[in-house]
Amino acid sequence: MTSNNLDQIDKGIQNRSVLIDMNVPPINDWRPILPRVYENAGLPAPPDAVLDQVVQAGRGSARSIFSDIVMSVNQEVREKHETHLITLKACG
């Protein structure tokens, strides 16, 4: 079971459970991970300051952080693809 509100969980249930604190990792822990998403898509990663903003906006939620990064990568891939199509149309 999981809860974002441990104070609302009955003390008896807490006593019979193993409590694992899932602290938010610091921004520095995300820095080596997020650029790989861009690299795997064949794109240059944005500067650390931009990635730091994404991590801060995600408020520690890996789901939110990766979702934002993947949407950004997908947008860049689409734009890159559209640029190639425009270039090909101009040539042909």
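In the block above lies the structure referred to throughout.
Residues numbered from 1 in each chain as written. Predicted model: local features only at pLDDT ≥ 70, side-chain atom pairs only at ≥ 80, totals over all residues. Heavy atoms only, no water.

Asker: Please set out the overall build of the chain residue by residue, giving values where relevant.
Answerer: Counting secondary structure elements, the chain contains five helices and zero strands. In the chain, the succession of helices and strands from N to C terminus is α-α-α-α-α. Relative to its 92 residues, the chain shows a buried fraction of 16%. Contacts spanning at least 24 positions in sequence make up 56% of the contacts within the chain whose residues lie at least 6 apart. (Helix = DSSP H or I, 4+ residues; strand = E, 2+ residues; numbered from the N terminus. Buried < 20%, exposed > 50% of the residue type's maximum accessible area, 1.4 Å probe, protein only. Contact = heavy atoms within 4.5 Å.)

Asker: Can you explain the side chain of Asp52? Please cite residues and give values.
Answerer: Note that Asp52 resides in helix α4 (residues 48–58). We classify Asp52 as buried; its relative accessible area is 13%. In contact with Asp52, not counting residues within four places along its chain, are Ile27 and Arg31.

Asker: Lay out the environment of Val77 with the relevant residues and their values.
Answerer: Within the secondary structure layout, Val77 lies in helix α5 (residues 62–91). A C-alpha to C-alpha distance of 8.0 Å links Val77 and Leu43, two positions 34 residues apart in sequence. Setting aside its immediate chain neighbours within four residues, Val77 contacts Ala41 and Leu43.

Asker: Let's hear about the nonpolar core: which residues, and what values?
Answerer: Trp30, Leu34, Tyr38, Leu43, Leu51, Val54, Val55, Ile65, Ile69 and Val73 together form the largest nonpolar core, which totals 10 residues. When contributions to this core are tallied by element, the ones reaching two or more residues are α3 (34–40), α4 and α5. Once residues within four sequence positions are removed from consideration, Trp30 is found in contact with Pro25, Pro35, Val55, Ala62, Ile65 and Phe66. (Core = buried A, V, L, I, M, F, W, Y, C linked by side-chain atoms within 4.5 Å.)

Asker: Mind laying out the pattern of salt bridges, listing which residues take part and the relevant values?
Answerer: Here the structure, examined in full by the defined rule, presents two salt bridges. The salt bridge partner of Arg31 is Asp48, with a shortest N-O separation of 4.0 Å. Taken as a pair, Arg31 in the loop between α2 (27–30) and α3 and Asp48 in helix α4 lie far apart in primary sequence, 17 residues in all. Classification of Arg31 by relative accessible area gives partly exposed; the value is 29%. Between Asp52 and Arg31 there is a salt bridge, and its shortest N-O distance comes to 2.4 Å. Taken together, the residues span a long stretch of sequence, with Asp52 in helix α4 and Arg31 in the loop between α2 and α3 at a distance of 21 residues. The structure contains a network of salt bridges with shared partners spanning Arg31, Asp48 and Asp52. (Salt bridge = Lys/Arg side-chain N within 4 Å of Asp/Glu carboxyl O.)

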